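# Descriptive structure summary
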Amino acid sequence: MGFFDRFLTRAEAAPLPELNVLLEARGLGTDLPGLAALVPGFELHRKAEEREAWVAAVAELQAAGLPLPEPWIDAQDHLLPELVPTWQAERDGFWNRSFIEGLSQRICVSSQPMPSAWLTLWDQSADEVMGLALDHLSRRSEGSFERLPSGIYRSPWRDGLDAARLLLPEIWHGLFKDQHPFLAIPTADTLLATPQILLPKLMDEVGRSIQAGAKPLQLAVLERIDDQLMTARLQDPHPMSTTQRELKHMDLMEALRQQESALDPALGRPATVAMLKTSQGKPMTLAVWNEGTPVLLPETDLIGFTRASGEPLGIYARQTLPRIHEMRGQAVDIWGPRRVRYDTFPSLEQIGRLEQFATAEQMKNLAAQGAGKPGGQRPGAPSGSPSGGPQFNQGGLPKHLQGAGLGVQGSE
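First, a word on what this report is: a plain description of the structure on this page. (Residues numbered from 1 in each chain as written. Predicted model: local features only at pLDDT ≥ 70, side-chain atom pairs only at ≥ 80, totals over all residues. Heavy atoms only, no water.)

## Some thoughts on the sheet that holds strand 19 (residues 356-358)
The cut-off we apply is this: Pairing between two strands is assigned when DSSP locates at least 2 bridges connecting them. A run of H or I in DSSP becomes a helix once it reaches four residues, and a run of E becomes a strand once it reaches two; helices and strands are each numbered from the N terminus. Axes, fitted as lines to C-alpha atoms, cover a helix only where it is in contact. Angles between the N-to-C directions of the axes lie from 0 to 180 degrees. It only takes one pair of heavy atoms within 4.5 Å for two residues to be counted as in contact.
Taking strand neighbours across the sheet as the criterion, the five strands line up as 12-13-15-16-19 in an open arrangement whose pairing is mixed. Looking at which strands have only one partner, the edges of the open sheet turn out to be strand 12 (272-277) and strand 19. Pairwise comparison of adjacent strand axes, ignoring direction, gives a mean angle of 35° for this sheet. Of the pairings in the sheet, the one linking strand 15 (residues 302-306) to strand 16 (residues 312-317) comprises five bridges and is antiparallel in character. By the bridge assignment, Ile-303 is partnered in strand 16 with Tyr-316. Set on the sheet, helix 10 (residues 241-260) makes contact with strand 12 and strand 13 (283-290); between it and strand 12 the angle comes to about 170°. Its contacts with the sheet put helix 12 (residues 360-369) on strand 12, strand 13, strand 15, strand 16 and strand 19, and the angle it makes with strand 16 is roughly 95°.

This is the structure we're talking about:
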């Protein structure tokens, strides 16, 4: 036993790797901005693998061009949560966690979104840091919701964190006794709540937020059933199902619009995206596939085909595209909504296998209705609100498209 005791003692006494050696191995120096204040935290680690992980976190931040954090003792007083669209969380790459469909939660430190590597340097878990951030937000949430003339309740804080207070159900879930609330967060500065009977008024308020030109967060309305918050599942024949579907489409189109700027032009041309409505009032998303270059096709309800000259070839159901079995698309490696790259434009025979939604002539008439609407802008208010878009002529359109119009298109 004495022999093994001496062996274990010598092993425990083995020198730990020094910070300068670990940094040098990664091509880094000891003069990094903010590093000196963090060194005491490094010295606390008494295992070689922990020190390796700590320096690997430093190297990760340097490679990404991100700053080192304040020491935990200082940073913990400046934590706040935020909600962002899921596509933005994926794009930015900071620490994030899924909240509900379409929304992710992040942690900010003095307005700086927190990279995951900061947790390693602080030796803190994400749950602990998020819990503290929520505590800070809770202390900033004194006051009561204001009741608008419409009967809708609006958050009073207007500090850029109103939407993040969805993470604090205790401050809003008791607004309507014995009723599960419907909520909306069209911008980071707005949290709206209403009982079901005033749901149309809630969507009107969302429409007004869009018209005001504020940066959208999420337009689709939310609901809380029991203890679960989710995107409202308003199914036909619910009177507001059409408007909710339209708002969800607008969220998708905003994500696609943001995504376009990050797509590699060498991959091909992003399909133009628009929104139209049938005579039954059902909103549908449309991607236009132009002949001549590879296309980056998003997952929309419909696909419109055009020649390189601009000649329309008709509109077809997107879900029937697999009938062109000779074509194999390749998924694009990009954050946000899924896109598939196709190299070759289909032949007329191949297009003819798809389920037709509108003929070439009908597509031409439909496009003429949307003429003059600039690309690359955000959609206007949903047509279910008082500030909905204009009506269009119906001549020359099939019955199922009478009353339809192209929504504001994405950039080509």
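Let us keep going from here.
## Notes on the packing of helix 3 (residues 35-43) against helix 4 (residues 48-64)
Each packed pair of helices is defined by two parameters, the angle between the axes and the distance between the axes. The following threshold applies: Geometric relationships in this document are graded by angle, where less than 35 degrees denotes roughly parallel, more than 145 denotes roughly antiparallel, 65 to 115 denotes roughly perpendicular, and other angles denote oblique. Throughout, a crossing is termed right-handed when the near helix is turned clockwise from the far one, and left-handed when it is turned anticlockwise from it by less than a right angle. The classification used treats Ala, Val, Leu, Ile, Met, Phe, Trp, Tyr, Cys and Pro as nonpolar, Asp, Glu, Lys and Arg as charged, and all other residues, Gly among them, as polar.
As a packed pair, helix 3 and helix 4 sit with axes 10 Å apart at the nearest point and diverge in direction by 160°. Taken together, the axes of helix 3 and helix 4 lie roughly antiparallel to each other. Crossing of helix 3 over helix 4 shows right-handed handedness. Together, Leu-35, Leu-38, Gly-41, Phe-42 and Glu-43 of helix 3 and Arg-51, Trp-54 and Val-55 of helix 4 make up the contact between the two elements. Considering only residue class, the contact of helix 3 with helix 4 consists of five nonpolar, one polar and two charged.

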